[in-house]
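Topology and contacts: notes
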Amino acid sequence: MKLKGLRWWIIGLVCLATIINYIDRSALGIMWPEMKKDLGLTEEDYAWIINIFTITYSAGKFISGKIYDKVGTKIGFVLSIFFWSLASLLHFFAKGLVSLGIYRGILGVSEAGNWPGAVKNNAEWFPIKERAIAQGIFNAGAAIGSIVAAPTIAELFEGYGWRWTFIIIGVLGFLWIIPWLIFNKAQPKKHPWITKEEKLLITSGQPELNQEDENQKGLPLSKILGFKEVWGVLASRFFIEPIWWLFVFWMPIYLNKEYGFNVKEIGYYAWFPYVGAAIGSIVGGWYAQRLMKSKTVDSARKKVIVIGCAIIFVAIIGAILFADTPEKFVSFVFVVLFGFQFSISNIQTLSSDLLKSKSVGSLAGLAGTIGAISVVIMNYLIPKITTVSYTPAFVILAVLAPLAALSIFVLIKEIKPLEK
């Protein structure tokens, strides 16, 4: 049996895993206005709980990157989604701050594997010219998950309450493992279902895979950090990550605090900005692929990253100046998240542009860890700087966007393979 376009089936399943990932992580913020009443918690407790998630998520990015490099993407994804689905189920038993914090911690460390796993998966299954579009499809899963999560969680909450909602969404992850094991039997070189044409397309676009000894180990961390270009990847992720996560974690709380929205009203409004994110993911990947037909990888990646960061900056300033209704607010956030995903697909792909397959997971995981550290800092600051309004938080985000682009230009003279 041969299956045409097998690589697209694989990335489709990774996209679906990401949708489930975001449904699971978004549930807490959407249902928080009612959960906090049942558990006797406060907004400061919420900040503490999401930072537990972010800290474990930060550690999980690096740990899982090393695991994926060791066990491969097939088993790596099974481990990740099994444990984050189990963590979602455990939320049913939450009794207060400590138990909820523990379950969010398990969720964070296991959900983190989805990102370095996806970058490594794309390096294995796609030629260089298609990686940005593959990364865009994967990242669209985060946006689609958030689009689906808001109304779905709201409806499940109305029908079953928050505890059973966590059970229902947890089961989805266990079900995903079945088609993943069916379709992802082996890597492209050895997969029994792949056509000769597709195998040639993938391997011809990955010259490093033809020369690399399959038993060769990835670079040690000290060697990876010895490249100046790697610090460009790390710096850009540090600056840009809080832009996405502020809205994932705090937009439901903002809508509740500023407009008095209940869970159902949050679900009605909170999904819309992620439509912009989904569009930005696909368009950013497609535009980079188009540019590469006439430009170098370096020129194409940098141009897309700059455009995305410029869109973020302008949209955040617009939100500060003009977003005086919930409709205007979510419309500006639509544009912000479009710009974020337009850029981030190409920033994330830098790991596979710079390093060989055996080391990609390590760099992608480390970059995710560094990005998560800045999110922890931002989460700590939010309750302290938003007592009067959220404007100070939005100003910080507006500054971070150009810094993310600038770090790429300053530290990465040319985007090209660093390993010989």
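To be clear, the structure that these remarks concern was listed above.
What counts as what
Residues numbered from 1 in each chain as written. Predicted model: local features only at pLDDT ≥ 70, side-chain atom pairs only at ≥ 80, totals over all residues. Heavy atoms only, no water. Helix = DSSP H or I, 4+ residues; strand = E, 2+ residues; numbered from the N terminus. Expected span 1.5 Å × (residues − 1). Buried < 20%, exposed > 50% of the residue type's maximum accessible area, 1.4 Å probe, protein only. Contact = heavy atoms within 4.5 Å. Axes fitted to C-alpha atoms, helices over the stretch in contact; angles between N-to-C directions. Parallel < 35°, antiparallel > 145°, perpendicular 65-115°, else oblique. Left-handed = near helix turned anticlockwise from the far one by under 90°. 1 Å grid on protein atoms, 1.4 Å probe; cavity = no way out; pocket = protein on both sides within 12 Å on 5 of 7 lines; lining within 4 Å. Points joined across faces, edges and corners; volume = space filled by probe spheres on them. Nonpolar A, V, L, I, M, F, W, Y, C, P; charged D, E, K, R; others polar. Salt bridge = Lys/Arg side-chain N within 4 Å of Asp/Glu carboxyl O.

Because an α-helix completes one turn every 3.6 residues, residues spaced three or four positions apart along the sequence face the same direction. Along its 18 residues, helix 3 (residues 73-90) runs 26 Å from first to last C-alpha, staying within 8% of the 26 Å computed at 1.5 Å per residue. For helix 3, the set of buried residues is Thr 73, Gly 76, Phe 77, Val 78, Ser 80, Ile 81, Trp 84, Ser 85, Ala 87, Ser 88 and Leu 89. On the buried face of helix 3, the contacting elements are helix 1 (6-39), helix 2 (43-71), helix 4 (97-111), helix 5 (114-125) and helix 6 (128-183).

Turning next to the packing of helix 3 against helix 4. Between helix 3 and helix 4, the shortest axis-to-axis distance is 8 Å and the interhelical angle comes to 160 degrees. Relative to helix 4, the element helix 3 lies roughly antiparallel. Considering how the two elements wind past one another, helix 3 and helix 4 form a crossing that is left-handed. Note on element contacts: helix 4 touches helix 3 through Tyr 103, Ile 106, Leu 107, Ser 110 and Glu 111, opposite Ser 80, Phe 83, Trp 84, Ala 87, Ser 88 and Leu 90.

Attention shifts here to empty space enclosed by the protein. By the definition in use, this model includes six cavities of 30 Å³ or more. As a volume, the largest cavity reaches approximately 100 Å³. Looking at the largest cavity, it is lined by 14 residues, and the ones nearest its centre are Tyr 22, Trp 115, Glu 241, Trp 244 and Gln 348. Those elements that provide at least two residues to the lining of the largest cavity are helix 2, helix 6, helix 10 (228-259) and helix 14 (326-354). For the lining of the largest cavity, the residue count by class is eight nonpolar, three polar and three charged. There is about 80 Å³ of room inside the second largest cavity.

It is worth spelling out the pattern of salt bridges at this point. Following the criterion strictly, the structure yields 12 salt bridges and no others. We note a salt bridge from Lys 120 to Glu 124, for which the minimum N-O separation is 3.9 Å. Taken together, the residues Lys 120 and Glu 124, both in helix 5 and four residues apart, mark about one turn of the helix. Comparing Lys 120 with Glu 124 shows no difference in burial state: the two are buried. One network of salt bridges, with partners in common, ties together Arg 7, Glu 130 and Glu 198.

Functional significance is not addressed by these values, which are geometric in nature.
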